[in-house]
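# Results of the structural survey
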Amino acid sequence: MTTYLLVSATIVLVTFACLTVVNRWFLPRLRPQEPAERPFVSILIPARNEAAVIAQTVTSLTQQTYTNFELIVLDDQSSDNTAERARQAGDERVRVLLGRPLPPGWAGKNWACWQLSQEARGGFLLFTDADTRWQPQALAALLAHQQAVEADLLTIWPTQITHTWAERLVVPLMSFVIMGYLPIFMTYYSPFAIFAAANGQCMLWKRSAYEQVGGHRTVAPSVLDDVNLARAVKRHGLRLRMAEGNALIACRMYDSWPAVRDGFAKNILAGYGGSVVLLLLAAVLHFALFLLPWALLLTPNYPWGVAMIALGISARALSAAYSRQRVRDALLLPVSVLLMQRIALHAIYWQFTGGPRWKGRTLRQTKEPTWVKEAPSSSAPASVD
């Protein structure tokens, strides 16, 4: 039985390592280039309590070499001066709107994005986060890649900026999961929505595709809006593609352990369909794959331990190298796994104490997105321009 379990675990790790290598061909890096066509793009930023970063983001977008766009920032009921900072950083292409109060049945970001989509005039809708950083050639490169792959939805995995130890050990695991766990060729070519993936930090839509899937009202209550929208794309038979940001598009998601813990905890349970049982089973699996091998070094099965440790660290290192993270941090993979177990426990605690809490709001977990036939009717968001 022990040998069977060790062989099974080793096969899983070999699969992770092989997928990491193969996926490099299916997750191209974004590269500076000019698009053949120059459509009008609506850049849409939902912002809640982002006064510390919004000016930098708006400024970087107004400095793009591609200039055929409008930029709309929606201040989602912020308690700081987000709107004022955004307005001061903008130019004539920038509009700053004050969002309407959050209605029942909607997650905050989804409601903000829906309001933005209703104000947008472009044939392409680019949803991006308030803390995402754009190099001057980034928008042109994004459109050029969209035209090359003919994507209805093109999502970018921005290069993650990490400074503190908590960031370095946890945030790059997103790339590890995408590169090592997800068969990206199935994301592109299979009809199954289970293989869908997306990153809400950067999602470029053909407007017709966004409207066809129902936009953010399709996923109104979901805290996993990006993935569920990608699944909607698959269900409608539309073309989903992904690319790696290659530092042209980057993001610093969090700046401390509490922010890392809470940021990942608010989404992790939704990633397992809202099931605490599945989350606990995943925790056991990761313990067996990435922590138990170190204990095997003290037993007669130490060759298995060495092989499993090498496979896990190699896959993590390869994903780090491709996504421009610190390769040496892969050596601390067991610590990263322990931190993720702590995050999982935090998510479970939230599940039984009212739901995740983020930016002053309590988020309700749902197993599946609920179709909301019509957005609540009310006046358009107020402009502060």
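Residues numbered from 1 in each chain as written. Predicted model: local features only at pLDDT ≥ 70, side-chain atom pairs only at ≥ 80, totals over all residues. Heavy atoms only, no water.

### A few points about the packing of aromatic side chains
In this description, an aromatic ring pair is defined by two values, namely the gap between the centres and the angle between the planes. All told, the structure shown has 10 aromatic pairs when counted by the stated rule. An angle of 70° between the planes, with centres 5.7 Å apart, marks the rings of Phe176 and Tyr181 as edge-to-face. Here Phe176 falls in the buried class, since its relative accessible area comes to 3%. Given the relative accessible area of 26%, Tyr181 is considered partly exposed. (Phe/Tyr/Trp six-rings, centres within 6.5 Å; stacked < 30°, edge-to-face > 60°. Buried < 20%, exposed > 50% of the residue type's maximum accessible area, 1.4 Å probe, protein only.)

### Here's the deal with helix H12 (residues 276-290)
Its 15 residues give H12 an end-to-end C-alpha distance of 21 Å, which sits within 8% of 21 Å, the value for a rise of 1.5 Å per residue. Listed in full, the buried residues belonging to H12 are Val276, Leu279, Ala282, Ala283, His286, Leu289 and Phe290. Relative to the axis of H12, the buried residues are bounded by an arc of 150° and lie together on one face. When the buried face of H12 is taken as reference, the exposed residues oriented beyond 90 degrees from it are Val277, Leu281 and Val284. Structurally, H12 contributes buried residues whose contacts are with helix H1 (2-22), helix H7 (173-181), helix H11 (257-268), helix H13 (292-296), helix H14 (302-322) and helix H15 (333-351). Its side-chain oxygen placed 3.4 Å from the backbone nitrogen of Val277, Ser275 serves as the N-cap of H12. (Helix = DSSP H or I, 4+ residues; strand = E, 2+ residues; numbered from the N terminus. Expected span 1.5 Å × (residues − 1). Arc of directions from axis to C-beta. Contact = heavy atoms within 4.5 Å. Polar contact = N/O pair within 3.5 Å; in protein donor to acceptor, adjacent residues only side chain to side chain.)

### Things to note about the side chain of Arg168
With respect to the helices, strands and loops of the structure, Arg168 is situated in helix H6 (residues 165-170). The residues touching Arg168, leaving out its near neighbours within four places in the chain, are Thr162, His163, Arg316, Arg326, Arg328 and Asp329.

### Remarks on the side chain of Ser78
Relative to the assigned elements, Ser78 resides in the loop between strand S2 (69-75) and helix H3 (82-89). A polar contact of 2.4 Å, which involves the side chain of Ser78, links it to the side chain of Asp75.

### Comments concerning the confidence of the model for the protein chain
Of the residues in the protein chain, 93% reach a pLDDT of 70 or more, and the chain-wide mean stands at 91. Of the regions scoring below 50 in pLDDT, residues 365-375 engages in 28 contacts with residues more than four places distant in sequence or in other chains. (pLDDT = per-residue confidence, 0-100.)

### Observations regarding the packing of helix H2 (residues 54-62) against H3
The description of two helices packed together rests on the angle between their axes and the distance between the axes. For the pair H2 and H3, the least separation of the axes is 8 Å and the interaxial angle reads 25°. Considering their axes alone, H2 and H3 lie roughly parallel with respect to each other. Handedness of the H2/H3 crossing: right-handed. Between H2, through Ile54, Ala55, Val58, Thr59 and Thr62, and H3, the contact on the second element is made entirely by Thr82, Arg85, Ala86 and Ala89. Class assignment of the residues belonging to the contact of H2 with H3 gives a composition of five nonpolar, three polar and one charged. (Axes fitted to C-alpha atoms, helices over the stretch in contact; angles between N-to-C directions. Parallel < 35°, antiparallel > 145°, perpendicular 65-115°, else oblique. Left-handed = near helix turned anticlockwise from the far one by under 90°. Nonpolar A, V, L, I, M, F, W, Y, C, P; charged D, E, K, R; others polar.)

### Quick notes on the pattern of salt bridges
One pass over the structure, following the stated rule, counts 13 salt bridges. The residue Arg95 makes a salt bridge to Glu119 at a minimum N-O spacing of 3.4 Å. With Arg95 in strand S3 (residues 94-98) and Glu119 in helix H4 (residues 108-119), the pair connects residues that are 24 residues apart, well separated along the chain. Taking relative accessible area as the criterion, Arg95 reaches 26% and is therefore assigned partly exposed. Its salt-bridge partner being Asp262, residue Arg261 comes within 2.9 Å of it at the nearest N-O pair. The pair formed by Arg261 and Asp262 is uniform in burial state, with each residue classed as buried. Through salt bridges that share partners, Glu70, Arg95, Glu119 and Arg121 make up one connected network. (Salt bridge = Lys/Arg side-chain N within 4 Å of Asp/Glu carboxyl O.)

### As for unusual backbone geometry
Phi at Glu150 is positive, roughly 55°, even though this residue is not glycine. Tracing the backbone shows Glu150 in the loop between helix H5 (138-149) and strand S6 (153-157). Glu150 gets classed as exposed once you look at its relative accessible area, which sits at 53%. One non-glycine residue with positive phi stands out, namely Ala247, at about 70°.

### Some thoughts on the pairing of strand S1 (residues 41-47)
Most of S1 sits out of view: seven of its seven residues are buried. Across the two faces of S1 the burial is the same, with Val41, Ile43, Ile45 and Ala47 and Ser42, Leu44 and Pro46 all buried. Note that S1 and S2 share seven bridges and pair parallel. Paired with Ala47 across the bridge in S2 is Asp75. One crossover worth recording links S1 to the parallel S2 by way of H2, and it is right-handed. In this sheet, strand S4 (residues 124-128) lies alongside S1 in parallel orientation, the contact comprising four bridges. (Pairing = 2+ DSSP bridges. Right-handed = clockwise from strand over helix to strand, strands pointing away.)

### Remarks on the pairing of strand S9 (residues 240-244)
Among the five residues in S9, five count as buried, and that is most of the element. The alternating pattern of S9 places Leu240, Met242 and Glu244 and Arg241 and Ala243 on opposite faces, both of which are buried. As paired strands, S6 and S9 are joined by five bridges and run parallel to one another. By the bridge assignment, Leu154 is partnered in S9 with Arg241.

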